[in-house]
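# Tertiary structure, described
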Amino acid sequence: MKKLFIICAAFLFPALVMAQPPAGNANPGDKYGEIITADDAFDVAVVPAKLETTPSFNTKIKAKVLDVCPKKGCWLKIAVNDSTEAFVKMKDYAFFTPVAIKGKTVVIDAVASIKTTPVSELRHYAEDAKKSQEEIAAITEPKKEISFLANGIVVVE
C-alpha cells in the first residue's frame, strides 16, 4: 500500500506544480511558446476588418494584455481597440504565461478567427478568473468574439 501511495504521489506532484502560471516578471524580450521575434508584427486593430473577408488567417500582431488566467496563465484577453477585446488561447495547451504579463504589450504569432464560445466554456473562464458565483450564473448566452490560437508570444513593452 505504501508503494502505491508513493507511485501516485510521484505522478500527482508534477501535475500540481504545472497547475500554476510560470514565475517571472514578463520583461521585454521574454518569450513563451515557440521562439518568435517582434519583426513584421501588425497592430491588432487591423484584424477585425480582415476577418470580414477571411474566416481565419495566420498573423503576427502587437497588442496590450488586459487580463490573464490567474490559475495557470493558459489564456489572455487583449485589447483590439477602445471598445473590443479578443481572447487568446495557447496552441495545444503547450505553454502558459505568467500573470505579470497583464498590462504588458506583446507580439503574438497566431491564427486569428471569429469564434462563438459556448456558455459552458465562458463559465469555465469566469471560474478561472475567480469571478463570483453571481457573475458566473449571469453568463447565459454564447459569445461571438475574435479569437487567437497562439503559437508563440514575446513581451515587447
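Residues numbered from 1 in each chain as written. Predicted model: local features only at pLDDT ≥ 70, side-chain atom pairs only at ≥ 80, totals over all residues. Heavy atoms only, no water.

## Comments concerning the layout of surface pockets
Which entries qualify depends on this criterion: Here a cavity denotes grid points, spaced 1 Å and computed from the protein atoms alone, that fit a 1.4 Å probe unable to get out, and a pocket denotes an open set having protein on both sides within 12 Å along at least 5 of 7 lines; residues with an atom within 4 Å of a point are the lining. Grid points are joined across faces, edges and corners, and a volume is the space filled by probe spheres set on the points. Going along the chain from the N terminus, every DSSP run of H or I of four or more residues is numbered as a helix, and every run of E of two or more is numbered as a strand. Residue polarity is assigned by list, with Asp, Glu, Lys and Arg as charged and Ala, Val, Leu, Ile, Met, Phe, Trp, Tyr, Cys and Pro as nonpolar; anything else, Gly included, falls into the polar class.
There is about 230 Å³ of room inside the largest pocket. With three residues, the single largest contributor to the lining of the largest pocket is helix α3 (residues 119–128). Partitioning the lining of the largest pocket into residue classes produces seven nonpolar, one polar and six charged. Volume-wise, the second largest pocket comes out at about 160 Å³. Lining the second largest pocket, in full, are Cys69, Lys71, Lys72, Cys74, Trp75, Lys89, Met90, Tyr93, His124, Tyr125 and Asp128. Elements supplying a minimum of two residues to the lining of the second largest pocket: β5 (85–90) and α3.

## Considerations on the confidence of the model for the chain
Predicted coordinates in regions of low pLDDT should not be interpreted in detail. The condition is simple: Confidence scores labelled pLDDT are given residue by residue by the predictor and lie between 0 and 100. Contact definition: two residues touch when any of their heavy atoms are within 4.5 Å.
A residue-level look at the chain finds 87% of positions with pLDDT of 70 or above and a mean pLDDT of 88. For the stretch residues 8–13, pLDDT sits under 50, and the model shows zero contacts to residues farther than four places along the chain or on other chains.

## With respect to the packing of aromatic side chains
What counts is decided by this rule: In this scheme Phe, Tyr and Trp rings, the latter by its six-membered ring, pair at centre separations within 6.5 Å, and the angle between planes marks the pair as stacked below 30 degrees, edge-to-face above 60, and tilted otherwise. Criterion for a charge above a ring: Lys NZ or Arg CZ within 6 Å of the ring centre, and within 35 degrees of the ring normal.
Scanning all chains against the criterion turns up four aromatic pairs. Cation over ring: lysine 50 sits above phenylalanine 57, and NZ or CZ is 4.5 Å from the ring centre.

## Quick look at unusual backbone geometry
Peptide bonds are mostly trans, and most non-glycine residues show a negative phi. Threshold: Burial classes: relative accessible area under 20% of the type maximum marks a residue as buried, over 50% as exposed, and values in between as partly exposed (1.4 Å probe, protein chains only).
Unusually for a residue other than glycine, aspartate 40 sits at a positive phi of about 65°. Position of aspartate 40 relative to the elements: it lies in the loop between β1 (31–33) and β2 (42–43). The exposure class of aspartate 40 is exposed, given its relative accessible area of 70%. The phi angle at tyrosine 93 is positive, at roughly 55°, despite the residue not being glycine. Looking at the element boundaries, tyrosine 93 is found in the loop between β5 and β6 (105–117).

## Section: the pattern of salt bridges
Selection criterion: A carboxyl oxygen of Asp or Glu within 4 Å of a side-chain nitrogen of Lys or Arg is what we treat as a salt bridge.
This model, assessed by the stated rule, comprises seven salt bridges. Where glutamate 145 meets lysine 143, a salt bridge forms, and the shortest distance between an N and an O atom there is 3.8 Å. Residue lysine 143 is classed as partly exposed on the basis of its relative accessible area of 35%. By sharing partners, the salt bridges in this structure join Lys89, Lys115 and Glu121 into a single network.

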